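Architecture and fold: a report
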Amino acid sequence: SLDFSQVTTFNLDEYIGLPAEHPQSYHYFMHENLFRHINVPAENIHIPDGTTSDCHAFCESYEKRIASAGGIDLQILGIGSDGHIAFNEPCSSLVSRTRVETLARQSIEDNARFFASADDVPVRAITMGVGTILDARKIILLANGANKASAVAAAAEGPLSNMCTASALQNHSDTIFFLDTEAASQLQMTNE
């Protein structure tokens, strides 16, 4: 019963080389799991185009579309097992903008469960940069499971480091982590 007709969305990333109708593309995932169930106008849905013939021009235009929409009010993130947000792999610049990123071996291995084999996982993606993410007015990071515990601890309590791009969230004034018990299990600064 919620009205999403005034909502504009910007997805974080998309694999390069997967068409929108591929079952493992983020286009497909978002449409199957969210957009076909709510009334966001199609023209307000923005997902990186992994099949564009000019990725670099697309990345520049994506940044411009975000700016022309007035920026991002709420950014919802997950976290990779190595502490990456979006596809900002370890060693990514903490001030980066939307760009093409080569996926780290860990990301390929983690995402292989969605493909027939690790060899089928695309090795590059278009991703919103850390700097773009940090421009959002509010950020929510969701994590569950013991396999995310060390990444969550590094992001929340570790040093600010481009080896754990989620650690950049420490510099954001309005970020909330929503964690299950297992994902929070390695945090040291808790009341329990």
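Just so you know, these numbers come straight off a predicted model, no measurement behind them.

A few words now on the pattern of salt bridges. Pairing is possible between side chains that carry opposite charge, provided their charged atoms lie close to one another. The tally for this structure, following the rule as stated, stands at six salt bridges. A salt bridge links R36 to E32, with the nearest nitrogen and oxygen atoms 3.5 Å apart. One salt bridge in this structure joins R97 and D135, with 2.6 Å as the shortest N-O distance. In this pair, R97 sits in the loop between strand 4 (74–77) and strand 5 (99–102) while D135 sits in the loop between helix 4 (130–134) and strand 7 (138–143), placing the two residues 38 residues apart along the sequence. Look at R97 and you get partly exposed, because its relative accessible area is 37%. Via salt bridges that share partners, E63, R97 and D135 belong to a single interconnected network.

The next subject is the pairing of strand 6 (residues 124–127). As judged from the three bridges shared by strand 2 (residues 13–15) and strand 6, these two strands associate in the antiparallel manner. Bridge assignment links E14 to a residue of strand 6, and that residue is I126.

A word on the sheet that holds strand 6. With antiparallel pairing, the three strands of this open sheet are ordered in space as 2-6-5. Sheet topology places strand 2 and strand 5 at the edges, where each strand pairs with a single neighbour. In this sheet, neighbouring strand axes are inclined to one another by 30 degrees on average, regardless of whether the strands run parallel or antiparallel. As defined by bridge partners, strand 5 adjoins strand 6 across four bridges and the pair is classed as antiparallel. Looking across to strand 6, one finds that T102 is bridged to R124. Lying on the sheet, helix 2 (residues 55–68) is in contact with strand 5 and strand 6; it crosses strand 5 at an angle near 125 degrees.

As enumerated under the stated definition, the model contains six aromatic pairs in all. With a centroid separation of 5.2 Å and 20 degrees between ring planes, the pair formed by Y15 and Y26 is classed as stacked. Placement of the pair is Y15 in strand 2 and Y26 in helix 1 (residues 26–33), with a sequence separation of 11 residues.

Before going further, it helps to spend a moment on the sheet that holds strand 8 (residues 175–179). The three strands lie next to each other as 4-7-8, forming an open sheet whose pairing is parallel. With partners counted over all chains shown, the strands left at the sheet margins are strand 4 and strand 8, one partner each. The mean inter-strand angle of the sheet, taken between neighbouring strand axes irrespective of direction, is 15 degrees. As defined by bridge partners, strand 4 adjoins strand 7 across four bridges and the pair is classed as parallel. Across the sheet, Q75 pairs through a bridge with I139, a residue of strand 7.

Scoring rules and cut-offs
- Residues numbered from 1 in each chain as written.
- Predicted model: local features only at pLDDT ≥ 70, side-chain atom pairs only at ≥ 80, totals over all residues.
- Heavy atoms only, no water.
- Salt bridge = Lys/Arg side-chain N within 4 Å of Asp/Glu carboxyl O.
- Helix = DSSP H or I, 4+ residues; strand = E, 2+ residues; numbered from the N terminus.
- Buried < 20%, exposed > 50% of the residue type's maximum accessible area, 1.4 Å probe, protein only.
- Pairing = 2+ DSSP bridges.
- Axes fitted to C-alpha atoms, helices over the stretch in contact; angles between N-to-C directions.
- Contact = heavy atoms within 4.5 Å.
- Phe/Tyr/Trp six-rings, centres within 6.5 Å; stacked < 30°, edge-to-face > 60°.

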